[in-house]
Structures are given as C-alpha cells and as structure tokens.
Amino acid sequence: MLRYSTDDPLVVGLIVSRPGHGSTDWVISRDLLSAGLTGTAGIGHITVEPVAEQSAPLRVLLRIRNKVGEARIHIDHQALLLYLQRSHAMMPFGSEAQTRQADTELDQLLDEDQDPPVAR
C-alpha cells in the first residue's frame, strides 16, 4: 500500500504486509519513484526500475536492501504512474519546499528577540 501526504510532500510511505509476518513501513522519495518509471533510479539501499517482460503488463521493480537481505516489490507501472499523478495534483513537483514550515520554525528558534519555545 502506498501513502502520500502533503504534510511530508517529498516522500511516499510504502507499507508491505506478509501473512504471518505483520507489516513493514518504508519511506521512499517521490522523485525516486517517478524516475524509476522510465529508467533505473537510485543507488545503495533503494533502487527502482521499469521491468518489461513478454506478454506481461509493464511493471516497476522496487528493491530495498539491508544487511539481512533484499525485498523485491513489483508494482504495476500504470497504477504507480496514476498514483504519482494524483500526488502531483495534490502537491506539484518542485513546489514542496514552498509549503515546508521548517524554515519558519528555525527562524523562530534563532530569533533572539523571542522567548525560547516551551517543551511540553
């Protein structure tokens, strides 16, 4: 299952469930998933690439590696494309930084004229 929120617009949450093993959550760059629609993208622990096989619908292979092994997740190419298009309608690519409040919060923390924030 994929999950996108404008609260954290740069990433897509991926939840993978296996019977008898529970579920595992990963966070993957939305840009990385988009790049993987047309060619191999990513280095290191996460890579994404389109996979074309004879007489099968186009898919996207998402590989997630760690010290224990590798998870290979196949996603229908058209479904991922539509999902990313919908996320783009919610938050256009390139506009994510405009909605981020981190700079504002950092400015408030560094403003010497304001009282420091109260921890709760």
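Residues numbered from 1 in each chain as written. Predicted model: local features only at pLDDT ≥ 70, side-chain atom pairs only at ≥ 80, totals over all residues. Heavy atoms only, no water.

*Asks:* So what about the overall build of the protein? Which residues, and what values?
*Replies:* A tally of regular secondary structure across the protein gives 4 helices and 6 strands. Across the 120 residues of the protein, 28% fall into the buried class. Considering only contacts within the protein whose residues lie at least 6 apart along the sequence, 28% involve residues at least 24 apart. Taken as a whole, the protein presents about 8,600 Å² of accessible surface, with 53% of it coming from carbon and sulfur. (Helix = DSSP H or I, 4+ residues; strand = E, 2+ residues; numbered from the N terminus. Buried < 20%, exposed > 50% of the residue type's maximum accessible area, 1.4 Å probe, protein only. Contact = heavy atoms within 4.5 Å. Areas by Shrake-Rupley, 256 points an atom, 1.4 Å probe, with all protein chains shown as cover.)

*Asks:* Got a sec to walk through the nonpolar core? Specific residues and values, please.
*Replies:* Counting 19 residues, the largest nonpolar core has Ile28, Leu62 and Ile64 as the members making the most contacts within it. Listing elements by their share of this core, those giving two or more residues are β2 (11-18), α1 (30-35), β4 (46-51), β5 (59-65), β6 (70-76) and α2 (77-90). If we skip the residues at most four places from it in the chain, Ile28 touches Leu10, Val11, Val12, Leu14, Leu33, Ile46, Leu62 and Ile64. (Core = buried A, V, L, I, M, F, W, Y, C linked by side-chain atoms within 4.5 Å.)

*Asks:* Any details on the pattern of salt bridges? Residues and values, ideally.
*Replies:* On inspection of all chains with the given rule, the structure shows 5 salt bridges. Close ionic contact of Arg63 with Glu70 constitutes a salt bridge, the shortest N to O distance being 3.9 Å. For Glu70, a relative accessible area of 39% puts it in the partly exposed group. Measuring nitrogen to oxygen at the nearest pair gives 2.8 Å for the salt bridge that ties Glu70 to Arg72. Here the residues in one salt-bridge network are Glu49, Arg63, Arg65, Glu70 and Arg72, joined through shared partners. (Salt bridge = Lys/Arg side-chain N within 4 Å of Asp/Glu carboxyl O.)

*Asks:* Can you break down the layout of surface pockets residue by residue, with the values?
*Replies:* A volume near 270 Å³ is recorded for the largest pocket. As for the largest pocket, its lining consists of Val16, Arg18, His21, Gly22, Thr24, Trp26, Ile64, Asn66, Gly69, Glu70, Ala71 and Ile73. Those elements giving two or more residues to the lining of the largest pocket turn out to be β2, β3 (22-29) and β6. Its residues assigned to classes, the lining of the largest pocket shows 5 nonpolar, 5 polar and 2 charged. (1 Å grid on protein atoms, 1.4 Å probe; cavity = no way out; pocket = protein on both sides within 12 Å on 5 of 7 lines; lining within 4 Å. Points joined across faces, edges and corners; volume = space filled by probe spheres on them. Nonpolar A, V, L, I, M, F, W, Y, C, P; charged D, E, K, R; others polar.)

*Asks:* Kindly report on the sheet that holds β2, identifying the contributing residues and their values.
*Replies:* Judged by pairing direction, the sheet is antiparallel, and its 3 strands sit side by side in the order β1-β2-β3 without closing on themselves. With partners counted over all chains shown, the strands left at the sheet margins are β1 (2-3) and β3, one partner each. The pairing of β2 with β3 spans 8 bridges and is classified as antiparallel. Within β3, the position partnered with Val12 by the bridge is Ile28. (Pairing = 2+ DSSP bridges.)

*Asks:* Break down unusual backbone geometry for me, with residues and values.
*Replies:* The backbone phi angle of Ser55 is positive, close to 55 degrees, even though this residue is not glycine. Summarising the element assignment, Ser55 is placed in the loop between β4 and β5. Owing to a relative accessible area of 82%, Ser55 belongs among the exposed residues under this scheme.

*Asks:* A description of α2 should follow, citing residues and the corresponding values.
*Replies:* Between its first and last C-alpha atoms α2 spans 20 Å; for 14 residues at 1.5 Å apiece the expected length is 20 Å, and the two agree. Looking at α2, one finds that the buried residues are His77, Leu80, Tyr83, Leu84 and Ser87. One side of α2 holds all its buried residues, which, seen down the axis, span an arc of 130 degrees. Of the residues in α2, the exposed ones pointing more than 90 degrees away from the buried face are Arg86 and Ala89. For α2, the capping residue at the N-terminal end is Asp76, with a side-chain oxygen 3.2 Å from the backbone nitrogen of Gln78. (Expected span 1.5 Å × (residues − 1). Arc of directions from axis to C-beta. Polar contact = N/O pair within 3.5 Å; in protein donor to acceptor, adjacent residues only side chain to side chain.)

By themselves, these are just geometric observations and shouldn't be taken as functional.
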